[in-house]
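# Commentary on secondary and tertiary structure
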Amino acid sequence: MNTSTAPVGINRQNISAGSLPEILQNPFTVAQQQLDEAAAYMKLPASAHEMLRWPLRELHIMIPVRMDDGNTKIFQGFRVQYNDARGPCKGGIRYHPAETIDTVRALAAWMTWKTALVDLPLGGGKGGVVCDPKNLSQGELERLSRAYIRQAGSFLGPEKDVPAPDLYTSAQVMAWMADEYSFMQGNNEFGVITGKPLALGGSAGRNDATARGGIFCIREAAAVLGIGLERATAAIQGYGNAGSHAHRLAEELLGMKVVAVSDSTGCIYNPDGLFHRDVAAHKKKTGSVTGFPCAVPITNENLISLDVAVLIPAALEGVIHKENAHSVRALMIAELANGPLTPEADSILREKGCYVIPDLLCNAGGVTVSYFEMVQNAYGYYWDEDEVHLKLEKKMITAFRNVHEASLHHKVHNRRAAYIVAIERVAEAMKLRGWV
Ligand code: GLU
């Protein structure tokens, strides 16, 4: 196991993606750029700025897994603890073939701002494994998940760093990880991880929390813009946990009409609306949204350019970039994914007058209910779903208003406003602790 503390500098030469085509831009370069711009605007002291440009600690691991065919395959994994000035690091673990240390660093930085923005007593972290979960059997997935914890376990803990689900990691993956960690400790330590199944100390309401938080933001944003959402249209890119629940809740809570959805296999469109119940049943049966009988196939670029009230990117980072941002016609973009807009797309959309609810606000519902899960695990006392929903709504509305007020006060766009609120809080904690 290779635990590297402060000297992340050894990896800095890897982060020189400024010369790459913008649509392939290194996400960590993007994260640093976003921080730099906010820091310059806020006149953040140089020492605080430097501390926040890099992760505090990061772990790189090699994970041997016995495959079903008897061979051993070695997977590469990471855990980045970006900043824990406000509390234990918090953030998901991603399983993705294109995972890199820089993606994980960027996402860990974004978690730091996100937890601060919703005012949770937590820092930011992220983990990842380079693997293609779609080509792993259940047994291989379980052995990989347990092996990740065996390698990274000493880096984690309820008071240190608490992972959660993210791209292609489910409640079942969290259950295997909590179990493996509990064996390592010699007692049940379910508080080491969140997003667990209910039967293992999970929280009511965690499953749809990311989408629900985003839906509350869309509702608040519509009030600011003075637009009605009843029967207004939406398009959703990505049909994993966040995208699928967003479809259901857009119908249930806002009365919206979702006209297009997509997943990694393709996009479907019906101008009269797609019902969540039917699309979800089709996806459950066939494994994808494509081929849904009451819709026509469209391309991803068609979906992004639909004339809808709300466009919800709910999958990967960097999907709206300078090549396709001009074609966006939505009034509002709700960033349920992390980092779906590149910086160039962001400024193109601002010029077009598109209202963007930035990711660190829009998708903060997930980590908010993760925090509720940590609190419930610590107390051994569990809340019902209504209580979780109410507490989540209160947190999301407060965070939305903090961002809205900061944007009016500083006369800046929402993303800059969200960064200002979050960075001020992290910088204050570092100052009080005497770090900077
Ligand atoms: N992976 C989610 C996120 O990016 C949730 C993290 C958590 O619950 O810790 O916000």
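These remarks concern the structure in this document. (Residues numbered from 1 in each chain as written. Predicted model: local features only at pLDDT ≥ 70, side-chain atom pairs only at ≥ 80, totals over all residues. Heavy atoms only, no water.)

In this section: the packing of helix H1 (residues 27–42) against helix H3 (residues 101–117). How two helices sit against one another is set out by the angle between their axes and by the gap between those axes. It is the contact of H1 with H3, at a shortest axis distance of 7 Å, that shows an interaxial angle of 30°. Here H1 is positioned roughly parallel relative to H3, judged by the angle of their axes. Taken together, the residues of H3 that come into contact with H1 (itself represented by Pro27, Phe28, Val30, Ala31, Gln34 and Leu35) are Asp102, Thr103, Arg105, Ala106, Ala109, Trp110 and Trp113. Split into classes, the residues belonging to the contact of H1 with H3 amount to nine nonpolar, two polar and two charged. (Axes fitted to C-alpha atoms, helices over the stretch in contact; angles between N-to-C directions. Helix = DSSP H or I, 4+ residues; strand = E, 2+ residues; numbered from the N terminus. Parallel < 35°, antiparallel > 145°, perpendicular 65-115°, else oblique. Contact = heavy atoms within 4.5 Å. Nonpolar A, V, L, I, M, F, W, Y, C, P; charged D, E, K, R; others polar.)

A word on the nonpolar core. A general trend in soluble globular proteins is that nonpolar side chains are found buried together. In terms of nonpolar packing, the biggest core is built from 95 residues, with Trp113, Ile218, Val261, Val310, Ile357 and Ile423 touching the most fellow members. Excluding its chain neighbours within four sequence positions, the residues that come into contact with tryptophan 113 are Leu35, Leu52, Tyr82, Leu360, Tyr419, Ala422, Ile423 and Val426. Residues Ile61, Leu141, Leu156 and Tyr181 belong to the second largest nonpolar core, which totals 27 residues. (Core = buried A, V, L, I, M, F, W, Y, C linked by side-chain atoms within 4.5 Å. Buried < 20%, exposed > 50% of the residue type's maximum accessible area, 1.4 Å probe, protein only.)

Before going further, it helps to examine the environment of leucine 316. Residue placement: leucine 316 occurs in the loop between strand S12 (310–313) and strand S13 (332–334). A relative accessible area of 31% means that leucine 316 is categorised as partly exposed. Separated by 78 residues in sequence, leucine 316 and glycine 238 place their C-alpha atoms 8.1 Å apart. Each residue touching leucine 316, except ones within four places of it in the same chain, is listed here: His96, Leu167, Ala337, Asn338 and Pro340.

Enumeration according to the criterion identifies 29 salt bridges in this entry. The partner of arginine 79 in a salt bridge is aspartate 161, and the shortest N-O contact between them spans 2.6 Å. On the criterion of sequence distance, the pair formed by arginine 79 in strand S3 (residues 72–83) and aspartate 161 in strand S7 (residues 161–162) is long-range, its members being 82 residues apart. Residue arginine 79 is classed as buried on the basis of its relative accessible area of 0%. Where arginine 146 meets glutamate 142, a salt bridge forms, and the shortest distance between an N and an O atom there is 2.9 Å. Highlighted residues: arginine 146 and glutamate 142, both in helix H4 (residues 138–152), separated by four residues, approximately one helical turn. It is possible to trace a salt-bridge network through shared partners that takes in Glu142, Arg146, Arg150, Asp179 and Glu180. (Salt bridge = Lys/Arg side-chain N within 4 Å of Asp/Glu carboxyl O.)

The backbone of tyrosine 168 sits at a positive phi, close to 60°, despite the residue not being glycine. Along the chain, tyrosine 168 falls in the loop between S7 and helix H5 (171–185). At lysine 411, a residue that is not glycine, the phi angle is positive and equals roughly 55°. Relative to the elements of secondary structure, lysine 411 occurs in the loop between helix H13 (385–410) and helix H14 (414–432). What makes lysine 411 exposed here is its relative accessible area of 74%.

Attention now goes to the packing of aromatic side chains. This structure, assessed with the given rule, holds six aromatic pairs. Between phenylalanine 28 and tyrosine 82 the ring centres are 6.4 Å apart and the planes differ by 70°, which places this aromatic pair in the edge-to-face class. Placement of phenylalanine 28 in helix H1 and of tyrosine 82 in strand S3 is noted, with a sequence separation of 54 residues between them. Judged by its relative accessible area of 2%, tyrosine 82 is buried. (Phe/Tyr/Trp six-rings, centres within 6.5 Å; stacked < 30°, edge-to-face > 60°.)

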